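The residues making up each chain are set out below.
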Amino acid sequence: MKKMVLVLVFLITLVFGCQPQVQWDETKLKNDVLQAGEGLPVEVRSLSDIQIAACETADEAGTCDTRLAEIGIVLKEECCEILNKCCQ
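Novice: Hey, could you run me through the overall build of the chain in this one?
Specialist: Counting its regular elements, the chain contains five helices and zero strands. Along its sequence from the N terminus, the chain presents helices and strands in the succession α-α-α-α-α. Every one of the 88 residues in the chain was classed for burial, and the buried ones make up 12%. A total accessible area of about 7,900 Å² is found for the chain, and carbon and sulfur atoms account for 59% of it.

Here's what the structure looks like:
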């Protein structure tokens, strides 16, 4: 029984003793003020040439709600978000 307890204590000490410890630089934390969203991955969205042409044509013709939906290659919301077209 004593040997089992000693082995358990040794294993626990070994497991917790081998983990890396994180050291914080408090002066760096005080000087670095993060803004909302800072440090998060940035999602870059783009459209193909044919999607861009469809957005521009639909915007000029005023057919964003009708013809653009019929074609189905790009959403009106994508045109608005990425190209600032069809936003009405």
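Novice: Even after reading the chapter, I still don't get the environment of Leu-83, so can you show me in this structure?
Specialist: Among the structural elements, Leu-83 can be located in helix H5 (residues 76-83). The class of Leu-83 is partly exposed, set by a relative accessible area of 26%. Sequence separation between Leu-83 and Cys-55 is 28 residues, and the spatial gap between their C-alpha atoms is 8.0 Å. Once residues lying within four places of it in the same chain are set aside, the contact partners of Leu-83 are Leu-47, Ile-52, Cys-55 and Glu-78.

Novice: Just to check I follow, could you spell out the state of the cysteines for this structure?
Specialist: Joining two cysteines, a disulfide is a covalent bond between their sulfur atoms. Within the structure shown, the criterion is met by three disulfides. Covalently, Cys-55 is tied to Cys-79 through a disulfide, its sulfur atoms 1.9 Å apart. Between Cys-55 and Cys-79, the disulfide has an S-S torsion of -70° and is therefore left-handed. Here the residue Cys-55 occupies a position in helix H3 (residues 49-61), and Cys-79 occupies one in helix H5, the gap between them amounting to 24 residues.

Novice: Can you help me understand the environment of Thr-66 in this one?
Specialist: With respect to the helices and strands, the residue Thr-66 is situated in the loop between H3 and helix H4 (67-71). Note: C-alpha distance between Thr-66 and Lys-76 (ten residues apart in sequence) is 9.8 Å.

Novice: Explanation requested: unusual backbone geometry in the structure shown.
Specialist: In most cases, non-glycine residues show a negative phi, while peptide bonds are predominantly trans. Unusually for a residue other than glycine, Asn-84 sits at a positive phi of about 60°. By secondary structure assignment, the location of Asn-84 is in the segment after H5. Since its relative accessible area comes to 63%, Asn-84 is described here as exposed.

About the cut-offs
- Every chain is numbered independently, its residues counted from 1 as its sequence is written.
- In keeping with the model being predicted, local features are shown solely for residues with a pLDDT of at least 70 and side-chain atom pairs are shown and tallied solely at 80 or more, while totals for entire chains, interfaces and linings include all residues.
- Side-chain measures were taken over the full set of non-hydrogen atoms in the model, leaving aside hydrogen atoms and water.
- The secondary structure listing takes helices from DSSP runs of H or I that are at least 4 residues long and strands from runs of E that are at least 2 residues long, numbered from the N terminus.
- When a residue's accessible area, from a 1.4 Å probe over protein chains only, is under 20% of the maximum for its type it is buried; when over 50% it is exposed; and in between it is partly exposed.
- Each accessible area is a Shrake-Rupley estimate made with a 1.4 Å probe; only the visible protein chains count as cover when residues are assessed.
- Every residue pair with non-hydrogen atoms within 4.5 Å of one another is taken to be in contact.
- We call a pair of cysteine sulfur atoms a disulfide whenever their separation is within 2.5 Å.

This is a description of form; function is not addressed.
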